[in-house]
Amino acid sequence: MNILKLEKVSYKYTDAKKNDYVFKDIDYEFDLGKVYSIKGKSGSGKTTLLSLLSGLEKPTNGKIFYDNKDLNKMNLDEYRSNDIGIIFQGYNLLPTYTALENVMLSMNISKVKDNSKEHALKLLESVGLNSEHANRRILKLSGGEQQRVAIARSLSYNPKIILADEPTGNLDKETEDEIIDILKGLAHNENKCVIIVTHSKNVCNSSDIVYELNKKN
């Protein structure tokens, strides 16, 4: 089932020359239940595309639709708080909080019905973190464990889409494989649309579809 659609999407910076687009006229559709990797050389617009899909930036031209609704006509704060989860390479967790507190804070911000400690612990358990990990401060966790917390946080309001920006960029091969398996499970077992910006061949090889961005797009 299609969940995100791009129609003739182009983007250029406000101070760029007239025809100096980061990318131009992208037509593409993303479906639920699949893992997508977006790759391309530095400067090809991978992170920019993720920003457009998350509603943090607007296209210079063209339209983006979420579940057949034009993003330009939606409440983007609600969209980001309910419909998409974002995972960053740098984790973007609150370092003085515990893993559990990071997840519970996200649940409270999104005003989910079940914002209980038990629910947060189940989310952490679903990504391989036990109660001992849950009660550790973020800085006491390894990079792989922090990324698991970030994934659990992104799932705290059960979004349909997971956007991940280089989620394995700081991880060793073994930990990368574990994170990939979690993301694949979210797509294949929980019917989420997982979109990953990556330079990793391992991530690309593990994805259902690889989309390469370049200036000709």
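Described below are features of the structure shown in this document.

**What about the environment of Ser206?**
Next, step 1: Position of Ser206 among the secondary structure elements: in helix α8 (residues 201–206).
Next, step 2: Sequence separation of Ser206 and Lys184 is 22 residues, and the distance between their C-alpha atoms is 8.2 Å.
Next, step 3: Contacts of Ser206, omitting those with residues within four sequence positions, involve Ile180 and Lys184.
Next, step 4: At 2.9 Å, the side chain of Ser206 and the backbone oxygen of Asn202 are in polar contact.

**So, the sheet that holds strand β1 (residues 2–11)**
Next, step 1: Taken together, the four strands give an open sheet; going across it, the order is β2-β1-β4-β5, and neighbouring strands pair in antiparallel fashion. Looking at which strands have only one partner, the edges of the open sheet turn out to be β2 (23–31) and β5 (69–70).
Next, step 2: One ladder, built from two bridges, connects strand β4 (residues 61–66) with β5; its direction is antiparallel. Within β5, the position partnered with Tyr66 by the bridge is Lys69.
Next, step 3: Helix α1 (residues 46–53) rests against β1, β2 and β4 of the sheet, and its axis sits at about 125 degrees to β1.

**Remarks on the packing of helix α3 (residues 99–110) against helix α4 (residues 117–126)**
Next, step 1: The geometry of α3 relative to α4 is characterised by a closest axis approach of 9 Å and an angle of 115 degrees between their N-to-C directions. Helix-helix and strand crossings are classified by hand; for α3 and α4 the assignment is right-handed. Counting all contacts with α3, which are made through Ala99, Leu100, Val103, Met104 and Met107, the residues of α4 involved are Lys117, His119, Ala120, Leu121, Leu123 and Leu124.

**What about the sheet that holds strand β7 (residues 161–165)?**
Next, step 1: Pairing is parallel in the open sheet, where five strands are placed in the order β6-β7-β8-β3-β9. Each edge of the sheet is formed by a strand with only one pairing partner; in this case those strands are β6 (84–88) and β9 (209–212). Sheet twist, expressed as the average angle between the axes of neighbouring strands with direction ignored, equals 20 degrees.
Next, step 2: In this structure, β7 lies alongside strand β8 (residues 193–197), joined through five bridges in parallel fashion. The residue bridging Leu163 from the neighbouring strand is Ile195, located in β8.
Next, step 3: The strands that helix α6 (residues 143–154) touches are β6 and β7; relative to β6, the one it contacts most, it runs at about 165 degrees.

**Some thoughts on the packing of aromatic side chains**
Next, step 1: The tally for this structure, following the rule as stated, stands at six aromatic pairs.
Next, step 2: With a centroid separation of 4.6 Å and an interplanar angle of 45 degrees, the aromatic rings of Tyr28 and Tyr211 are classed as tilted. Of this pair, Tyr28 sits in strand β2 while Tyr211 is found in strand β9, placing the two residues 183 residues apart along the sequence. Note on accessibility: Tyr28 and Tyr211 belong to one class, buried.
Next, step 3: Through a chain of ring-to-ring contacts, three or more aromatic side chains come together here, namely Tyr28, Phe30, Tyr36 and Tyr211.
Next, step 4: Cation over ring: Lys12 sits above Tyr21, and NZ or CZ is 5.2 Å from the ring centre.

Analysis parameters
Residue positions are given per chain, counting from 1 as you read along its sequence in written order. It should be noted that, the model being predicted, local features are given only for residues of pLDDT at least 70 and side-chain atom pairs only at 80 or more, the latter also being counted only at that level, while totals for whole chains, interfaces and linings use all residues. With hydrogens and water stripped out, all remaining heavy atoms of the structure feed into the side-chain values. Only DSSP runs of H or I with at least four residues qualify as helices, and only runs of E with at least two residues qualify as strands; both kinds are numbered from the N terminus onward. For this analysis, residues touch if any pair of their heavy atoms sits within 4.5 Å. Contacts described as polar in this section are N or O atom pairs within 3.5 Å, which, within protein, must combine one atom able to donate a hydrogen with one able to accept it, while residues neighboring in sequence count only if both atoms come from side chains. When DSSP finds at least two bridges between two strands, those strands are taken to pair. For helices, the axis comes from a line fit to the C-alpha atoms of the stretch in contact; other axes are also lines fit to C-alpha atoms, and the angle between any two N-to-C directions lies between 0 and 180 degrees. In this scheme the handedness of a crossing depends on how the near helix is turned from the far one: anticlockwise by less than a right angle means left-handed, clockwise means right-handed. We call Phe, Tyr and Trp rings a pair once their centres come within 6.5 Å, taking the six-membered ring for Trp, and we label the pair stacked below 30 degrees between planes, edge-to-face above 60, and tilted otherwise. Working definition: with a 1.4 Å probe on protein chains only, accessible area under 20% of the residue-type maximum means buried, over 50% means exposed, and in between means partly exposed. Definition used: whenever NZ (Lys) or CZ (Arg) falls within 6 Å of the ring centre and also within 35 degrees of the ring normal, the charge is taken to sit over that ring.

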